[in-house]
Amino acid sequence: MREIQFREALREALNEEMRKDEKIFLMGEEVAEYNGAYKVSQGMLDEFGPKRVIDTPISELGFTGIGIGAAMNGLRPVIEFMTFNFSLVGIDQIINGAAKVLSMSGGQFSVPIVFRGPTGNAGQLGAQHSQNFENWYANCPGLKVVVPSTPYEAKGLLKQSILDPDPVIFMESEVMYGDKGEVPEEEYYIEIGKANVVKEGSDVTIVTYGKMLTRVVNPAVEELAKEGISAEVIDLRTVRPIDYDTVIASVKKTNRLIIVEETWPLGSIATEVSFKVQKDAFDFLDAPILRVVSADVPIPYAPTLLVEALPNVERVVATVKSVMYIQK
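Residues numbered from 1 in each chain as written. Predicted model: local features only at pLDDT ≥ 70, side-chain atom pairs only at ≥ 80, totals over all residues. Heavy atoms only, no water.

(A) Looking closely at the environment of R116. Along the chain, the position of R116 falls in strand 5 (residues 114–119). C-alpha of R116 to C-alpha of M82: the two residues are 34 residues apart in sequence and 8.7 Å apart in space. The contact partners of R116, leaving out residues within four places of it in the chain, are L10, L26, V40, V78, I79, E80, F81, F84, L158, F170, E172 and Y177. There is a polar contact of 2.7 Å between the side chain of R116 and the side chain of E80. (Helix = DSSP H or I, 4+ residues; strand = E, 2+ residues; numbered from the N terminus. Contact = heavy atoms within 4.5 Å. Polar contact = N/O pair within 3.5 Å; in protein donor to acceptor, adjacent residues only side chain to side chain.)

(B) View of the sheet that holds strand 12 (residues 238–240). Read across the open sheet, the 7 strands follow the order 3-2-4-5-7-6-12; overall the sheet is mixed. The strands lining the two open edges of the sheet, one partner per strand, are strand 3 (53–55) and strand 12. Across the sheet, the mean angle separating the axes of adjacent strands is 20° when strand polarity is ignored. Two strands pair when backbone bridges link them, and strand 6 (residues 144–146) and strand 7 (residues 168–173) are joined in this way by 3 bridges, in the parallel orientation. Residue pairing across strands places V145 opposite I169, the latter belonging to strand 7. Packed onto the sheet, helix 3 (residues 60–72) meets strand 2 (24–28), strand 4 (76–80) and strand 5 and runs at close to 165° relative to strand 4. (Pairing = 2+ DSSP bridges. Axes fitted to C-alpha atoms, helices over the stretch in contact; angles between N-to-C directions.)

(C) Region of the structure containing the pairing of strand 10 (residues 204–208). In terms of burial, strand 10 is a largely internal element, 5 of the 5 residues being buried. Side chains V204, I206 and T208 of strand 10 all project onto a buried face; the interleaved residues T205 and V207 project onto the opposite face, where all are buried too. Where strand 10 meets strand 11 (residues 231–235), 5 bridges bridge the pair, whose relative direction is parallel. Residue V204 lies in a different strand from strand 11, and its bridge partner there is A231. A crossover connection joins strand 10 to the parallel strand 11 through helix 8 (residues 211–226); in handedness this β-α-β unit is right-handed. Note that strand 10 and strand 13 (residues 257–260) share 3 bridges and pair parallel. Its bridge partner lying in strand 13, V207 is registered against I259. (Buried < 20%, exposed > 50% of the residue type's maximum accessible area, 1.4 Å probe, protein only. Right-handed = clockwise from strand over helix to strand, strands pointing away.)

(D) Here's a closer look at the packing of aromatic side chains. In this structure the tally under the stated criterion is 8 aromatic pairs. Judged by centre distance (6.1 Å) and plane angle (35°), the ring pair of F63 and F81 falls under tilted. Placement of F63 in helix 3 and of F81 in the loop between strand 4 and helix 4 (91–98) is noted, with a sequence separation of 18 residues between them. Both residues of the pair, F63 and F81, belong to the buried class. Ring centres 5.4 Å apart and planes at 70° place the aromatic pair F81 and F84 in the edge-to-face group. For the pair formed by F81 and F84, the shared burial category is buried. Among the aromatic residues, ring-to-ring pairing joins F63, F81, F84, F115 and Y137 into one connected group. (Phe/Tyr/Trp six-rings, centres within 6.5 Å; stacked < 30°, edge-to-face > 60°.)

(E) Highlighting the sheet that holds strand 11. With mixed pairing, the 5 strands of this open sheet are ordered in space as 9-11-10-13-14. Looking at which strands have only one partner, the edges of the open sheet turn out to be strand 9 (196–199) and strand 14 (290–292). Neighbour to neighbour, the strand axes of the sheet diverge by 25° on average, direction disregarded. In terms of strand pairing, strand 9 meets strand 11 through 3 bridges, oriented antiparallel. From the neighbouring strand, N196 faces strand 11, where its bridge partner is D235. Where helix 9 (residues 244–254) meets the sheet, its contacts fall on strand 9, strand 10, strand 11 and strand 13, and the angle it forms with strand 11 comes to roughly 175°. Helix 12 (residues 313–323) rests against strand 10, strand 13 and strand 14 of the sheet, and its axis sits at about 175° to strand 14.

Geometry only, nothing functional implied.
In structure tokens, the structure reads:
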């Protein structure tokens, strides 16, 4: 094992797969000459050349469509969005193109393509640059949606996503690119659709994904442990498909569930997980399922309001105590 940054883990995944298969290429804004907006693709132009590491104009609609067409013709594109907020410009190509081609062609065309880039809030970037669209894309049949939480997860999941025969939405976090974590020397892959039990516990199940694991849930679990509360933590890894079996098995053990995610409440992943658990494990619940999500407002710019709008450690601790009926 060695410790590397999140961005380095992504780069290793891209490099390893591109060295094996000439059909894989990277395309997006500033991925080549500038070495990537977040330096994920640093050095890749020198190794693979301009035909496989391709700078594009500021035209998400255009290069998203080019990538889908290339995938339909046997290539394996990785399309980088500078942020998934910008993917909305090309969302018609993703939803009405990539996600539906296999079905509408009667299985004649698959679309092995990865759309990747940062998601969510990254500080004071304003309402248009701080949004989470994991649940939007997860709502669409034909797509797989992956949201890694650590460098280890990022590398293994991206390698698997590149090999997947279907379109994959791979959503990172801008604030995590510099995070360090242990990654094996040897090659490995992580199965899409299989959650990870990060920590076992007995009193409450906390389900989360992406940067909420390291930024909010893990610190909250440490605070809860100081008060004798044992939380089991599940990292979904992917929000389409969702590994309901792992969540339900945990709830049957702890009898309580809260879900933490950085998105708006209506139609959230938390909503879907809650529905499935109450449907299939209602008799095991000793308390209502609760969630900790962002405020139902455009993400504010002011730092004081930003803190209030986003999930935080204090809210998670308070929510856990609520389902355990611990008085404040």
